[in-house]
Amino acid sequence: MSAIVLALAGMLVFYLGWRYYSKFIAEKIYRLDPDYVTPAHRYRDDVDFVPTNKFVLWGHHFTSVAGAAPILGPAIAVYWGWLPALVWVVLGTVFAAGVHDFGTLVLSVRNKGQSVGTLANRLIGRRAKLLFLFIILILVLMVNAVFAWVISNLFVQFPASVLSVFIQIPLAIWIGYKVHKKSKNMLLPSLAALAVMYGTAILASHFPVLQIDLVRYFGGEESAGLFGLGATGSAFLIWIIVLFAYVYVASTLPVWKLLQPRDYINSHQLVVGLGILYLGLFLTNPTVTAPATNASTDVPWFPLLFITIACGAISGFHGLVSSGTSSKQLNKETDARFVGYMGAVGEGMLALISIIAVVTLFATQADFLAAYSTWDAANGGGLGNFIVGAGQLATGLMIPVGIAETIVAVIVVSFAATTLDTAVRLMRYIITELGSEYKVKSLTKTHVATTVAVGSSAALAVLPEGPNGFGSGGYLLWPLFGTSNQLLAGISLLLITIWLKKNARNYLVTLIPMIFLLFMTVWAMIQQVFTQWATWGSDSNMLLFGFGAVILGFAIWIVLESIYILSSNKDHDNIDPSM
Amino acid sequence: MTEEKWSFKKIVKLYDEILSLQHRAEIKREIRDQDDLFMLLCFSEMLGIPNPVSYYTLELYPEMIEKFHDWHLRMGMEKSPLDGIRCC
């Protein structure tokens, strides 16, 4: 079967969802009012609260939520065959993610632009704040450890991409200086920087001398390396040390010096990447070789599929962006449909192309099954497979496969590095906040907090033996990423449901995805915590058991709390009465 | 409303606006923080902090009245907190 059919089918459903379902929600459920004075106008300060054109705002929203996660999840989830992954990405985007992203935006707009964190704090109480801090702390800890390994792995697998990624740092500092000190425009220099990066990537894939291949420097895969590790293990160790040294510096510098211009350069890469992949797909017309469903799996797809594909379908982080920055800039309330719903659709398109790149990669079905032979193999190889598959799609644009792979690797590493930078910075803020909450003064100092953040992330990456060899310790906690992220989405859906119920509207549109999500999350967690990780389980692991049990406790607490709030007729005075 | 004509220049401008939105806000916030600090230095005398150059900063006040008004609104004070300055 041609992969174009899959892409067109997915896009058709996205279109129908946008055309009819989001219209129905906007008019009948959220009842958007074109005359409502949005926070952007009411509290206008030209910094945070700025009325913004809806296309511009959509672009901001989309580039803020799209990163490596919508690529990573689907590339792993095709382990169960392309059909379940595709169906969940498409339907999940239309019926869960769209409603969630759109809803958090509207809810926040109707509440002075406050974020879901603040709203949950007010609505469910102070315990909700602790829950949020705890969930986010675990999320960023494992994101740090896993992404350090992911980037190191890409550096080891695609050594031609290393130089481009490193070149980006001085270029970004230079742009930051130009823009901040001299008020120059960012567009031209950042496009030039992108051209330099891709030029370097092309040169490096032609001339091996430009490839920084640590494994080769140690004398090949079979050779011995440092501290009794093999050559590959030593390469991982060096890259992980380099990465954490870099994030330490990046997260303590003022944002405009490095992070901002880097993000800005990377935003263009999203546009370039999506353009190359979809154009390439239509020009090469590849065949789907992966099976529709894969029966020979060692882990059941139900309910794990729904926590493996996090950002591709529904993600709690989208709610944080929707209610954090987008809601403060909404010009008219009716724009929320375009910004919120289409933002989710954009993310769905990224997940869709990720699935297609992987399922068209292999020559035969047997090759696919060999590469995705076990769950651990799928976890370790998913992203690499995406890059090779995406490289093949890019050949449709007459780009040689080696160069295409290097460029895709550069794009993915840049996304992952941006996530890593932001996650370390976020972790520093949380540690500082906990420090001031519990009056541990030393923790509120920038360098102490950064050291704790970087140190714990690095320790998690290097100390425990992970499923993918040395340095992949973060993967031990990775199964918790999906669940904690879905929990966050569940809380946001709960808030929207309460708001709709209070206004005597049909709240089934958010209640049903909420029940579905929480059911899948709790079920997956019970299965993992009690049958897999517990001391009596098949794959005993005290670290996962401990963290998993705590998150499971939170999940059950949220379920109980939602049942209580939804079944009681008590008025929730905390919500703005004008809503 | 008249139909707007699309030109290459406009598309580039829109594209730039999309990508620079969040960065612009960040830069403005940083500038605002610096301005706030400057404001604090200029008005430190009124807060009871001795300022050896207050005689000179006096000259700046007419220039700063507008900004001062924005500042106290942003700080959550509906009226000017200082008797010396009557901006609203």
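Residues numbered from 1 in each chain as written. Chains lettered and ligands numbered in written order. Predicted model: local features only at pLDDT ≥ 70, side-chain atom pairs only at ≥ 80, totals over all residues. Heavy atoms only, no water.

(A) View of the overall build of chain B. The helix and strand tally for chain B stands at three helices and zero strands. In chain B, the succession of α and β elements from N to C terminus is α-α-α. Here the C-alpha radius of gyration of chain B, 20 Å, is well above what a compact globule of 88 residues would show, namely 12 Å. Overall, chain B is about 55 × 25 × 25 Å in size when its C-alpha atoms are taken along their principal axes. Looking at chain B as a whole, 28% of its 88 residues are labelled buried. Taking the contacts inside chain B whose residues are at least 6 apart along the sequence as the reference set, 27% of them involve residues at least 24 apart. Averaging the positions of the 12 positive and the 16 negative side-chain charges in chain B gives two centres separated by 8 Å. (Helix = DSSP H or I, 4+ residues; strand = E, 2+ residues; numbered from the N terminus. Rg over C-alpha atoms; globule rule 2.2 N^0.38 Å. Buried < 20%, exposed > 50% of the residue type's maximum accessible area, 1.4 Å probe, protein only. Contact = heavy atoms within 4.5 Å. Lys, Arg positive; Asp, Glu negative; His and termini not counted. Charge placed at Lys NZ, Arg CZ, Asp CG, Glu CD.)

(B) Quick peek at unusual backbone geometry. All names here are of chain A. Cis geometry marks the peptide bond from F302 to P303; its omega dihedral reads 10°. By the secondary structure assignment, P303 is in helix α13 (residues 301-308). Residue D46 is not a glycine yet carries a positive backbone phi of 65°. The topology assignment puts D46 in the loop between α2 (39-42) and α3 (54-65). Its relative accessible area of 35% is what places D46 among the partly exposed residues. Residue M398 is not a glycine yet carries a positive backbone phi of 65°. Tracing the chain through its elements places M398 in the loop between α17 (375-394) and α18 (401-437). Judged by relative accessible area, which is 74%, M398 ranks as exposed.

(C) Here's a closer look at the packing of aromatic side chains. Residue and element names in this part refer to chain A. One pass over the structure, following the stated rule, counts 31 aromatic pairs over all chains. Between W536 and F545 the ring centres are 6.3 Å apart and the planes differ by 75°, which places this aromatic pair in the edge-to-face class. Over the face of the ring belonging to W18 we find R337, whose NZ or CZ atom lies 4.1 Å from the ring centre. Sitting above the plane of the W499 ring, R505 keeps its charged end 5.5 Å from the centroid. (Phe/Tyr/Trp six-rings, centres within 6.5 Å; stacked < 30°, edge-to-face > 60°. Lys NZ or Arg CZ within 6 Å of the ring centre and 35° of its normal.)

(D) Spatial organisation of the interface of chain A and chain B. Across the boundary between the two partners, chain A contributes 27 residues, which contact 18 residues of chain B. Both faces considered, chain A and chain B share a buried interface measuring about 2100 Å² in area, 63% of it formed by carbon and sulfur atoms. Contact with chain B buries surface across chain A, with V47(A), V56(A) and Q260(A) losing the most and accounting together for 26% of the total. Across the chain A-chain B interface, the total number found is two salt bridges. Two residues, D45(A) and R32(B), come together in a salt bridge whose shortest N-O distance is 3.2 Å. Scanning the region where chain A abuts chain B turns up five residue pairs in polar contact (both at pLDDT 80 or more). Among the secondary structure elements, those contributing two or more residues to the side of chain A that touches chain B are α3, α8 (162-182) and α12 (259-284) of chain A. Of all the elements, α3(A) adds the most residues to the side of chain A that touches chain B, at seven residues. Here the side of chain A that touches chain B is built from residues that sort into 12 nonpolar, 11 polar and four charged. (Buried area = accessible area lost by both parts, 1.4 Å probe. Salt bridge = Lys/Arg side-chain N within 4 Å of Asp/Glu carboxyl O. Polar contact = N/O pair within 3.5 Å; in protein donor to acceptor, adjacent residues only side chain to side chain. Nonpolar A, V, L, I, M, F, W, Y, C, P; charged D, E, K, R; others polar.)

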